[in-house]
Amino acid sequence: MKLWEKGTNPEPVIIEFTAGMDRQTDLVFAKWDIIGSMAHVIMLQSAGLVSADEKTKMLHSLRSLFKLDEKGELVIEDGVEDIHSQIEKDMSLVLGPAGKKIHTGRSRNDQVLVDIRLYMREEIDTLAMQVQMLFTKLQELSERHSEILLPGYTHMQSAMVSSFGLWFGSWAECLADDIVMLAAARAVNNQNPLGTAAGYGTTLPIDRKMTSELLGFDNTLYNSAYAGVSRGKIEMATASALASIAQTLSRFSMDICIYMSSEYKFVDFPDELVTGSSIMPQKRNPDVFELIRGRCNLIQTLSGQVAILAGNLQSGYNRDLQLLKKLIFDAFREVKECISVMLMMINNIRIRENITESATYNAIFSTEAANRLVKQGVPFRDAYKTVSEMVKNTSFQKTAPSDYTHEGSIGNLCNKEIALLFETRMKPFKNTSAQEFVNKLMEHADDVN
Ligand code: ARG
């Protein structure tokens, strides 16, 4: 059955090709398709386009489909193109003519946009909570190891005194910025396209504001033609936010790979968390971090794919857009998997103390030696020359590090300030479950008491 069948039999090869992965991908957001339809039906009744009895029957039928989906038993049958067609088919089968009214005043173009937006909103909210857990863990490690020194690097050469406090804390603050990107993606995403139909509205007297409220959207996406164009744009905003998080995970992983190497040995993990080699008995490999690095680097290519796919389309719906779904679903799954594994690993990270006591790192104390002279009134350039002479002729003696007082230095990490920033930036994220939406929408069924 095709929603658009008009008497001729569609060629099966064409149907299979155009449906593509939809029978699998659409199940990912099936529950949101159902919830979007519930809100739509409630609105149709208030606009006088379906009767109260029809609305109630449709709500019950949709709730049964929701339950079926919860049990993992909702399927898109062979020969049915997508979730939108399946739901309409199932409803019509049970309700007859009332079921066939579900598509009044909408198109699959706005319907799929609603589904993607509701799906992404939930994913973004879950991801934000996960990022928060990682942030909290990193801050905890930063505080716990705030006194343990570490060489800081520039040009991959040891440069100045750093600390585990500064290092862990840096990745936490990095996540605080990633959260800004995620909140921006949420804001762009959380607007209601329902009722824009194929991209040009409808002559039926629908109430778009009502569905915006019922579905928890921040506002209505007004211009019908823009709603169509927004497909590709919301994915772009989301892909950028995912890329930002992925970049943090990837670069942090790269540091860990280096710090775990036999030359550095700054950090280590319990035996159960490292991998070995089939031939070299001594190996303790950081495969987990290499894979986080690799996977997160690939996630960063997503925005390029969205740009290529959506960048040259005429405004209005184009079927190319269908291909975005799998890319986005996979990216969310990948980022979430990487964060959970990362959390598990750093929960067990072991830190080497006394690293900077080795003579190898003597010279990283030279900038502060020059600063000590500056404090005695020596111009910096002269102090620099004096100390570099000492380093050159090996007479330079390091002293205990001191005097890091400014905000964001090893002596003053400002973790509390960063935590406050993070907390403020978390405000836009909420987490209303699909079940809660269903419960609320079912209150509109007239036989519910
Ligand atoms: N499967 C389609 C997609 O994801 C749904 C919209 C189909 N609309 C259409 N006009 N063919 O884009």
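In case you missed it, the structure is sitting above this.
Because the structure is a prediction, the values reported are computed rather than measured.

The rules behind these values
- Residues numbered from 1 in each chain as written.
- Predicted model: local features only at pLDDT ≥ 70, side-chain atom pairs only at ≥ 80, totals over all residues.
- Heavy atoms only, no water.
- Core = buried A, V, L, I, M, F, W, Y, C linked by side-chain atoms within 4.5 Å.
- Buried < 20%, exposed > 50% of the residue type's maximum accessible area, 1.4 Å probe, protein only.
- Helix = DSSP H or I, 4+ residues; strand = E, 2+ residues; numbered from the N terminus.
- Near = heavy atom within 4 Å.
- Polar contact = N/O pair within 3.5 Å; in protein donor to acceptor, adjacent residues only side chain to side chain.
- Areas by Shrake-Rupley, 256 points an atom, 1.4 Å probe, with all protein chains shown as cover.
- Nonpolar A, V, L, I, M, F, W, Y, C, P; charged D, E, K, R; others polar.
- Salt bridge = Lys/Arg side-chain N within 4 Å of Asp/Glu carboxyl O.
- Expected span 1.5 Å × (residues − 1).
- Arc of directions from axis to C-beta.
- Contact = heavy atoms within 4.5 Å.

Undergrad: Explanation requested: the nonpolar core in the structure shown.
TA: Most often, soluble globular proteins keep nonpolar side chains buried together rather than apart. Core analysis: the largest hydrophobic core is formed by 123 residues, its most contacted members being Phe-164, Val-267 and Phe-269. When residues of this core are assigned to their parent elements, the largest contribution, 15 residues, is made by helix α6 (residues 108-144).

Undergrad: It is not clear to me how the site of the ligand should be interpreted in this structure. Could you clarify?
TA: Looking at the ligand, the residues that line it are Asp-22, Asp-82, Arg-108, Asn-109, Val-112, Arg-231, Tyr-317, Arg-319, Gln-322 and Lys-325. Note that an oxygen atom of the ligand is positioned 2.5 Å from one of the side-chain N or O atoms of Tyr-317. In this structure, an oxygen atom belonging to the ligand sits 2.7 Å away from a side-chain N or O atom of Lys-325. Protein coverage of the free-state accessible area of the ligand, which is 340 Å², stands at 87%. With 3 residues, α6 is the largest single contributor of residues to the shell around the ligand. Across the shell around the ligand, the residue classes break down as 2 nonpolar, 2 polar and 6 charged.

Undergrad: Looking at this model, I keep getting lost on the pattern of salt bridges. Mind explaining?
TA: Should the charged atoms of two oppositely charged side chains come close, the side chains can pair. A complete count under the given rule lists 23 salt bridges for this structure. For the salt bridge of Lys-375 with Asp-403, the shortest nitrogen-to-oxygen distance reads 2.7 Å. Linking Lys-375 in helix α13 (residues 366-375) with Asp-403 in the loop between α14 (380-392) and α15 (415-425), this pair joins segments that are 28 residues apart in sequence. When salt bridges with common partners are traced through the structure, they connect Glu-81, Asp-82, Arg-108 and Arg-319 into a single cluster.

Undergrad: Would you mind showing me how to read helix α10 (residues 287-299) here?
TA: Residues that lie three or four places apart on an α-helix share one face, since the helix turns once every 3.6 residues. Taking 1.5 Å of rise per residue, 13 residues should cover 18 Å, and α10 covers 18 Å from first to last C-alpha, within 8% of that figure. By the burial criterion, the buried members of α10 are Phe-289, Ile-292, Cys-296 and Ile-299. The buried residues of α10 occupy an angular sector of 80 degrees when the element is viewed end-on, so they sit on one face. Turned more than 90 degrees away from the buried face of α10 sit Leu-291 and Leu-298, all of them exposed. Lining the buried residues of α10 we find α9 (224-260), α11 (302-310) and α12 (324-346).

Undergrad: Whenever I open this one, the environment of Gln-86 confuses me. Can you help?
TA: With respect to the helices and strands, the residue Gln-86 is situated in helix α5 (residues 83-95). Sequence spacing of Gln-86 and Lys-2 is 84 residues, and the spatial spacing of their C-alpha atoms is 9.5 Å. Excluding residues within four positions of it along the chain, Gln-86 makes contact with Val-75, Ile-76, Glu-77 and Val-80. At a separation of 2.9 Å, a polar atom in the side chain of Gln-86 contacts the main-chain amide nitrogen of Glu-77.

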